[in-house]
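So you can see what is in the structure, the chains are spelled out below.
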Amino acid sequence: MNSTFDDELLKQARQFDLSALTAIYDQYNSGLYYYALRLLGNRTMAEDCISETFSHLLQALRNGGGPKNNLKGYLYRSVHNWVTDHYRQKATLDVDMDCELPDSHPDTDVQVEHNLACQQVRTALQALTPDQRQVITLHFLEGWDLAEIASSLHKPIGAIKSLQHRGLQSLQKYLLEAEKVKL
Amino acid sequence: MKTEPQKDPILIERLEKMQVTAKRDPHAAAATRAAFLAEARNMVKGVSPRPRSRLNDWMAAIGVVLAAPKKMRGAPMLNTVLTMIVVLGLAFGGGTVAAQTSQPDDTLYPLKIWSEETRISFSSDPETKFQLHLQFAARRMEEIRTMLQAGELPSEVVMLRLQTQMENALNLAAQMPDDQLHASLLQLQDRLQEQEMDMEQLELNEDSDPALLQIRDRVRTMLRDQLHLCQSGLESPEMLREQLRNREQNQLQGGGQGQEGNLNQEQNQNQNQNQEQNQLQNQDSDDNLNQEQNQNQEQNQNQNQNQNGQNQEQNQEQYQNGNDNGSPSGDSNGAGPGPGDGTCPNCPCDGCDGDGTGSGDGSGNPEPGGNGGKP
């Protein structure tokens, strides 16, 4: 999405222009939903997350806050923080067993195996620091480039590379340990 | 053999596997959208006139100021004062923004610290002050981590500042009502754990400069001490307050000289780097004392609180004696039992900053805003 267009939408949204608010929702809700779903593994919670994220945006705008620019980065950070809080409050999350593969894969074994692998990565991701987790999920799950992540997190690109490197290292370590326990 | 994480195909494949998900339930999506639109419509009704009226008020206020020089041509002082305000605002405002990313060895760094101290001294709400200390301590941690990563040695002033900010955050939390204290301590605990993990992952190895390793270990000890206090506060707020009170009393009894020593140390530091090295060597003994102290505290807590208070006082005296012996300026190596720092997870806001320099004799500064090490 063109950032100038986003800025224009934001300007109108601050004046509580309903069409601008609707345009923002329609533009981002789907991407944010799948981002939340990948991190949570539960469709109901992903819907709750989206609902609260946009409600939070409305309240922030009403109080004169909200994003100054980079609306997309703001919304993804909000979702990320929501998920982090949720994991903090609840040690284990209920995972939908049919939410991972498109349209319930015909082979149940494949689906179960896929779900378990995803859940393992999800648990390992929670062991990273929030910044590392955000960099890795945005880069590898959402396909953002590092410059875009740097702009969203307000950090220099060197710091993002370093976070990615350290995050992947930790992830590799946690997954190897999980494999050992499994064996 | 260990594979570079970026080049580990299995790891990358496992991450990419997560990109595949089931389609969204259209009914649930429609319900979420409808709820958002309903909330937005309600707000449109309630909120839309306010920004305009607010804007009108501002425009009226600005209009008065802008119109004043024309009407008051006989008052040249007003023009001069307005010009000075604008010039100073531009100069310091721009500089302060630029200083926010500076590192301790940069020219603009003192401006960054000054702006942090100003923000704290202008905030009156304890919760806001707590959040500021938390965020500023996180900045100090990041500065120290960046320096260690680059093979540079953080100065003693930076270390003292980190410790003071951690202590101030905990002191402020302890002054809150119990339910608020609990929430603040949970936040503090999360931050400390994240920072400890960050420090643990710092890429230093056996061949690194021993001074760097010492600093890293010292920071980790600080973090662990804070974490320990935090956990004790989560178990019993009263016990935490008692511990902080004891520490404060000890500081008042024996700390005055030490605080002056800190100030002198800060002033002399840039001129005398050898002193810094001596202090680093003495650090080992300080850290050992801290560990002993923590062990004693844990044992004492298992007995009873009264006895605990007495033992802790004795331990703190021992600790301060150790410092006095170890440093020419009276104390200060300060990996003492200090409180922690933090950042801010729940809102997507940018981080804020930290406070000032310190009363770094390893214990809490009773003044939350306590910059400059005044007793």
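Residues numbered from 1 in each chain as written. Chains lettered and ligands numbered in written order. Predicted model: local features only at pLDDT ≥ 70, side-chain atom pairs only at ≥ 80, totals over all residues.

A. Quick peek at the packing of helix H8 (residues 178-200) of chain B against helix H9 (residues 210-235) of chain B. Residues and elements named next belong to chain B. Their axes nearest at 9 Å, the elements H8 and H9 cross at an angle of 155 degrees. With respect to each other, H8 and H9 are oriented roughly antiparallel. Here H8 and H9 pass one another in a crossing that is left-handed. For the pair formed by H8 and H9, the contact residues are Leu181, His182, Leu185, Leu188, Gln189, Leu192, Gln195, Glu196 and Met199 on the first element and Arg216, Val219, Arg220, Leu223, Gln226, Leu227, Cys230, Gly233 and Leu234 on the second. In terms of residue class, the contact of H8 with H9 is built from 10 nonpolar, five polar and three charged. (Axes fitted to C-alpha atoms, helices over the stretch in contact; angles between N-to-C directions. Helix = DSSP H or I, 4+ residues; strand = E, 2+ residues; numbered from the N terminus. Parallel < 35°, antiparallel > 145°, perpendicular 65-115°, else oblique. Left-handed = near helix turned anticlockwise from the far one by under 90°. Contact = placed C-beta atoms within 7 Å. Nonpolar A, V, L, I, M, F, W, Y, C, P; charged D, E, K, R; others polar.)

B. Representation of the interface of chain B and chain A within the structure. The interface is formed by 38 residues belonging to chain B together with 48 residues belonging to chain A. When residues of the side of chain B that touches chain A are traced back to their parent elements, those giving at least two are helix H1 (9-17), helix H2 (26-47) and H8 of chain B. In terms of residue count, H2 of chain B provides more of the side of chain B that touches chain A than any other element does, 12 residues in total. For the side of chain B that touches chain A, the residue count by class is 18 nonpolar, seven polar and 13 charged.

C. View of unusual backbone geometry. All names here are of chain A. Despite not being glycine, phenylalanine 16 has its phi angle at roughly 55 degrees, a positive value. Looking at the secondary structure, you find phenylalanine 16 in the loop between helix H1 (3-14) and helix H2 (18-40). A positive phi angle is found at histidine 154, which is not glycine, with a value near 55 degrees. Relative to the helices and strands, histidine 154 is located in the loop between helix H7 (146-153) and helix H8 (157-182). Given 13 C-beta atoms within 10 Å, histidine 154 falls into the partly exposed group. (Buried ≥ 20, exposed ≤ 12 C-beta atoms within 10 Å, placed from the backbone.)

D. Here's a closer look at the nonpolar core. All names here are of chain A. Counting residues in hydrophobic clusters, the biggest one holds 52 residues, and the most contacted among them are Leu32, Ala36, Leu40, Ala46, Cys49, Val79 and Leu171. By residue number, the principal contributor to this core is H2, which donates 11 residues. Among the domains, domain 1 (1-96) and domain 2 (102-183) are the pair contributing at least three residues each to this core. In this view, leucine 32 contacts Ile50, Thr53, Leu75, Tyr76 and Val79; residues no more than four positions away in its chain are not counted. (Core = buried A, V, L, I, M, F, W, Y, C linked by C-beta atoms within 7 Å. Domains from an automatic or database assignment.)

E. Representation of the packing of helix H6 (residues 130-141) of chain A against H7 of chain A in the model. All names here are of chain A. Here H6 crosses H7 at 140 degrees, and the two axes come no closer than 10 Å. In terms of orientation, H6 and H7 fall into the oblique class. Handedness of the crossing formed by H6 with H7: right-handed. Each of Gln134, Val135, Leu138 and His139 in H6 lies in contact with H7, whose residues at this interface are Leu146, Ile149 and Leu153. Counted by class, the contact of H6 with H7 contains five nonpolar, two polar and no charged residues.

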